[in-house]
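# Fold and contact review
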Amino acid sequence: MNIGIFGAGQMGGAMIKGWLHSGKIQPQEIFVKGGHSATAANLQKELSFHLVDSLKEFAACDVLVIAVGTTAVEPILHAIKEANFEKKLPIISIAAGVSLKEMQAIMGTDYPLAQAIPNTPVQIGKGLIAITYSEALQAKQQEVIDQCLYFLGDLLETPAEQLDIVSSVAGCGPAFVDIFMEAMADGAVLHGMSRKLAYEVIAKMMVGSASLALESGQHPGALKDGVTSPGGTTIRGVAALEKNGFRHAVISGVSGLVGE
Ligand SMILES: NC(=O)c1ccc[n+]([C@@H]2O[C@H](COP(=O)([O-])OP(=O)(O)OC[C@H]3O[C@@H](n4cnc5c(N)ncnc54)[C@H](OP(=O)(O)O)[C@@H]3O)[C@@H](O)[C@H]2O)c1
């Protein structure tokens, strides 16, 4: 599968790394158009994909990904329209600030489009990608889009009106989790555990807990109840967290993501 991508910054670069990490996409199948600085060219030296000068070079692609900041999306869509490729190349935009409706206003309602918001674990194929498809998308075109993104992690079809909150939780959540890991490790180091071991233990504990929640389908509260024996150490830790407003802090953090 040939993938064309505009932008090789934080997220574009993470996606390119994810495709190569999957082993299913080779460097010669990735066509990258960078912006004004040397970001894409520098990454190309490391990853050996095609660096594209002219839009015409995208003609050999099966799908186009737009991974640039909000203001750059509109001119790129106009440029794709003007390039008038032989077939309508399905477009996936990952720009959080440009809705499918806004893209359709430029490309037309019959153009195959998707808005997909990935998170940073895509670079190791463990991403969560919230996606909304345009109504006009044919089954074969959706297949191409899905195939391109499956290499990067799990796809979660999301109604357009929920894309913001889903992608905020999935996209910004890793920062919350990173802070939690760091804070828990600080506590462990305070009580004598080495820093290196603390990060390893905590990361593995979190992967295990999340996997158990997903695989068992149990309510998080029930899983917590299963670890808290009466008068035990776990419930004492939970009480200390709640006394310090843990739950409220997390809810406020999520509200902060949507600007409230
Ligand atoms: N970072 C995340 O975690 C994340 C998560 C989900 C979605 N997103 C979305 O992904 C998009 C990019 O975010 P980012 O964090 O990757 O930003 P970024 O690091 O600033 O990367 C954007 C890249 O786009 C390039 N660019 C600008 N204009 C271009 C053009 N006309 N043609 C080709 N490339 C162009 C820039 O290149 P130059 O600097 O060389 O000009 C830059 O490297 C945003 O719309 C954001 O909403 C980001």
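The notes below deal with the structure included here. (Residues numbered from 1 in each chain as written. Predicted model: local features only at pLDDT ≥ 70, side-chain atom pairs only at ≥ 80, totals over all residues. Heavy atoms only, no water.)

Across the seven residues that make up strand S7 (residues 127-133), a large majority, six, are buried. Relative to strand S8 (residues 153-157), S7 runs parallel, the two being bridged by five bridges. Paired with Leu-128 across the two strands is Asp-154, which belongs to S8. With helix H5 (residues 139-150) bridging S7 and the parallel S8, this β-α-β connection has right-handed handedness. (Buried < 20%, exposed > 50% of the residue type's maximum accessible area, 1.4 Å probe, protein only. Helix = DSSP H or I, 4+ residues; strand = E, 2+ residues; numbered from the N terminus. Pairing = 2+ DSSP bridges. Right-handed = clockwise from strand over helix to strand, strands pointing away.)

Here the focus is the site of the ligand. Surrounding the ligand, one finds 20 residues, the nearest of these being Gln-10, Met-11, His-36, Ser-37 and Val-68. Measuring from a nitrogen atom of the ligand, one finds a backbone N or O atom of Gly-7 at 3.4 Å. The contact in question runs from an oxygen atom of the ligand to an N or O atom on the backbone of Val-68, over 2.7 Å. Coverage of the ligand by the protein chains reaches 70% of its 900 Å² of free accessible surface. At the level of elements, helix H1 (10-22) and helix H3 (70-83) are the ones that each hand at least two residues to the shell around the ligand. When the residues that make up the shell around the ligand are grouped by side-chain class, the tally is ten nonpolar, nine polar and one charged. (Near = heavy atom within 4 Å. Polar contact = N/O pair within 3.5 Å; in protein donor to acceptor, adjacent residues only side chain to side chain. Areas by Shrake-Rupley, 256 points an atom, 1.4 Å probe, with all protein chains shown as cover. Nonpolar A, V, L, I, M, F, W, Y, C, P; charged D, E, K, R; others polar.)

Turning to the packing of aromatic side chains, a few remarks are in order. Applying the stated criterion across every chain, the model contains two aromatic pairs. With a centroid separation of 4.9 Å and 45 degrees between ring planes, the pair formed by Phe-6 and Phe-58 is classed as tilted. One end of the pair, Phe-6, is in strand S1 (residues 3-6); the other, Phe-58, is in the loop between strand S3 (50-51) and strand S4 (63-66), with 52 residues separating them in the sequence. Both residues of the pair, Phe-6 and Phe-58, belong to the buried class. With a centroid separation of 6.1 Å and an interplanar angle of 50 degrees, the aromatic rings of Phe-180 and Phe-246 are classed as tilted. Of this pair, Phe-180 sits in helix H6 (residues 163-190) while Phe-246 sits in helix H10 (residues 246-257), and the two are 66 residues apart along the sequence. A residue is classified by how much of its surface remains accessible, and Phe-180, at 30% relative accessible area, is partly exposed. Taking relative accessible area as the criterion, Phe-246 reaches 34% and is therefore assigned partly exposed. (Phe/Tyr/Trp six-rings, centres within 6.5 Å; stacked < 30°, edge-to-face > 60°.)

We now examine the nonpolar core. Of all hydrophobic cores here, the largest spans 33 residues; its most connected members are Met-15, Ile-16, Trp-19, Val-65, Ile-92, Ile-145 and Leu-149. Only S1, H1, strand S2 (30-33), helix H2 (39-47), S4, strand S6 (113-117), S7 and H5 provide two or more residues apiece to this core. In terms of nonpolar packing, the next biggest core, distinct from the first, is built from 23 residues, Phe-31, Phe-58, Ala-95 and Met-103 among them. (Core = buried A, V, L, I, M, F, W, Y, C linked by side-chain atoms within 4.5 Å.)

This part takes up the packing of H6 against H10. Relative orientation of the contacting elements H6 and H10 amounts to 135 degrees, with a least axis distance of 9 Å. Between H6 and H10, the interaxial angle falls into the category oblique. The two elements H6 and H10 cross, and the hand of that crossing is right-handed. For the pair formed by H6 and H10, the contact residues are Ile-165, Ser-168, Val-169, Cys-172, Phe-176 and Phe-180 on the first element and Phe-246, Gly-253, Val-254 and Leu-257 on the second. Looking at side-chain class alone, the contact of H6 with H10 contains eight nonpolar, two polar and no charged residues. (Axes fitted to C-alpha atoms, helices over the stretch in contact; angles between N-to-C directions. Parallel < 35°, antiparallel > 145°, perpendicular 65-115°, else oblique. Left-handed = near helix turned anticlockwise from the far one by under 90°. Contact = heavy atoms within 4.5 Å.)

In this fold, Thr-158 is placed in the loop between S8 and H6. A polar contact is formed between the side chain of Thr-158 and the backbone oxygen of Leu-156, at a distance of 2.8 Å. The residues touching Thr-158, leaving out its near neighbours within four places in the chain, are Ala-130, Ile-131, Thr-132, Leu-163 and Val-166.

Purely geometric numbers; function is a separate question.
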